[in-house]
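Notes for the structure review
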Amino acid sequence: MDALPIARLQFATTTSFHFLFVLLTLGLVTLVAVMQTRSALGGKPELMRMTRFWGRLYVINYALGIVTGIVMEFQFGLTWTGLSTVAGDVFGAPLAIETLVAFFAESTFLGLWIFGWGRLNKWVHLALIWLITLTAYASALFIMVANSFLQNPVGTHAENGVLKLDDFGALFTNPALAMSLPHVLSAALMTGGFFVVGVSAYHFIKHTKEIEFFRRSMRIGVLTSLAGSTMVIGFGFAQFAPLGEYHPDKLRSPGPLVGAPLGFMIQIGFIAFLASILGTLLLYRNWITKVRPLLYMMVPAISLPFIAAIFGWLVREIGRQPWLIRGQLTTADAVAAIPAGQVLFSFVAFTVLFAVLAIADWVLMSRVAKRGPEPEEEATAPRAELPVLSGV
């Protein structure tokens, strides 16, 4: 039994699970920040309730996503020791910055935001949610810097079989990063928008009494979905030009393992874009909450951005094979010299763990989403308990 395909499948599973959490986290935190900003600037009371409700869902997803991220980074040192040996000095730098600066800062600001409800000045509290958003985007930046280095190693030279960093700034001007980063961030906005729209549609299907609350949420979600899906398509196709410079054979003869995901990704992306346009038109005519067949379609449509994102990740990663670092280190040379049975055991264990986390995330978020927002008098009353997580 060969350890390489098992190790590859293990890491693909880990990163796929983690990517799904990250997309929703980035999308939701942006929407929550916008809602709280509008509320702080004197918006209607529903905006603060929306901030608390959607913020509660964001915190649940963020907390469970942390575990998958930690496991993913452990695998670099446990399963892919060749990568650490050859490019640890380069590849490890953005990952270290992401962990020590962006992630820890984001977690600290998030804790202050959660416990600061009713205790901090509203402008200080508002600043915290924007700091959380900015550090979340910074995390995405450093992760994509590291991944883009694997796609197109720049700013380095080889010395005794080890890559040495010559120009740290070159990692941030990498052609493999220029369009892929905004593509990922746009996908996150689209994901957050579809999620808000789908949950709001569920409550209209159930004849909610919170008409104004979910109408406003639906409006924000639809417009975010339209903006996100438009940019996803634009930045997606914009990647083809630089791709021809540093990886010309990926799309010239992609093969079935790349061609099929690429085709599905494009199709789902356009479906999401058309759905966003339709939702915007119906929103303009104030029909979006009245067409019940459309509401029933909005709930399962939450999955569209997630499916498209996984196909997009497969295109990006499989298209680089057989290289782990293009032109410098093959995947076969990067895998650790450990028995295949151990890799298989860890793969099964991690898969079970991630399945449990995914189910827990779905159950908790579904429970909170179905319950709906707290009553207006509870949202405005000061209290001592943790407001964002109470009732979960």
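Residues numbered from 1 in each chain as written. Predicted model: local features only at pLDDT ≥ 70, side-chain atom pairs only at ≥ 80, totals over all residues. Heavy atoms only, no water.

- An unreviewed UniProt entry lists the protein under the name Cytochrome BD oxidase subunit I, from Amycolatopsis regifaucium.
- In its Subcellular location (unreviewed entry) section, the UniProt entry covering the protein states "Cell membrane".
- The UniProt entry for the protein carries this comment under Sequence similarities (unreviewed entry): "Belongs to the cytochrome ubiquinol oxidase subunit 1 family." (UniProt positions renumbered as here; feature names shortened; annotations may be inferred.)

Some points on the side chain of Ser-16
- On the secondary structure map, Ser-16 appears in helix H1 (residues 3-40).
- A distance of 2.7 Å separates a polar side-chain atom of Ser-16 from the backbone oxygen of Ala-12.
- Setting aside residues no more than four positions away along its own chain, Ser-16 makes contact with Ile-310 and Trp-313. (Helix = DSSP H or I, 4+ residues; strand = E, 2+ residues; numbered from the N terminus. Polar contact = N/O pair within 3.5 Å; in protein donor to acceptor, adjacent residues only side chain to side chain. Contact = heavy atoms within 4.5 Å.)

Things to note about the layout of surface pockets
- One number sums up the size of the second largest pocket: a volume of about 630 Å³.
- Along the walls of the second largest pocket sit 21 residues, with Phe-195, Ile-302, Trp-362, Met-365 and Ser-366 positioned nearest its centre.
- When residues of the lining of the second largest pocket are assigned to their parent elements, the largest contribution, 7 residues, is made by helix H15 (residues 340-371).
- Of the residues in the lining of the second largest pocket, the class split is 15 nonpolar, 4 polar and 2 charged. (1 Å grid on protein atoms, 1.4 Å probe; cavity = no way out; pocket = protein on both sides within 12 Å on 5 of 7 lines; lining within 4 Å. Points joined across faces, edges and corners; volume = space filled by probe spheres on them. Nonpolar A, V, L, I, M, F, W, Y, C, P; charged D, E, K, R; others polar.)

Observations concerning helix H4 (residues 122-151)
- Here H4 spans 44 Å end to end across 30 residues, near enough to the 44 Å set by a 1.5 Å rise per residue.
- Where H4 begins, one side-chain oxygen reaches toward the backbone nitrogen of Trp-123, 2.7 Å away; that side chain belongs to Asn-121. (Expected span 1.5 Å × (residues − 1).)

Topic: the packing of helix H2 (residues 45-78) against helix H3 (residues 81-115)
- Relative to each other, H2 and H3 sit at 160°, their axes nearing to 12 Å. Here H2 lies roughly antiparallel to H3, going by the angle between them. Every pair of crossing elements has a handedness; the one defined by H2 and H3 is left-handed.
- Per-class residue counts for the contact of H2 with H3 are 13 nonpolar, 7 polar and 3 charged. (Axes fitted to C-alpha atoms, helices over the stretch in contact; angles between N-to-C directions. Parallel < 35°, antiparallel > 145°, perpendicular 65-115°, else oblique. Left-handed = near helix turned anticlockwise from the far one by under 90°.)

Some details on the nonpolar core
- Counting residues in hydrophobic clusters, the biggest one holds 53 residues, and the most contacted among them are Trp-54, Leu-57, Trp-113, Phe-195 and Met-218.
- Sort the elements by how many residues they give to this core and H2 lands first, with 11 residues.
- Residues in contact with Leu-57, not counting those within four places in the same chain, are Leu-28, Phe-195, Met-365, Val-368 and Ala-369.
- In terms of nonpolar packing, the next biggest core, distinct from the first, is built from 52 residues, Phe-76, Ala-146, Ala-272 and Leu-324 among them. (Core = buried A, V, L, I, M, F, W, Y, C linked by side-chain atoms within 4.5 Å. Buried < 20%, exposed > 50% of the residue type's maximum accessible area, 1.4 Å probe, protein only.)

Notes on a nonpolar patch on the surface
- Where nonpolar side chains cluster on the molecular surface, the patch consists of Met-1, Leu-344, Val-348, Val-352 and Val-356 and spans about 480 Å² of accessible area.
- Within the element layout of this structure, Val-348 appears in helix H15. (Patch = residues over 30% accessible without salt bridge, like charges linked within 9 Å, V, L, I, M, F, W, Y side chains within 5 Å. Areas by Shrake-Rupley, 256 points an atom, 1.4 Å probe, with all protein chains shown as cover. Salt bridge = Lys/Arg side-chain N within 4 Å of Asp/Glu carboxyl O.)

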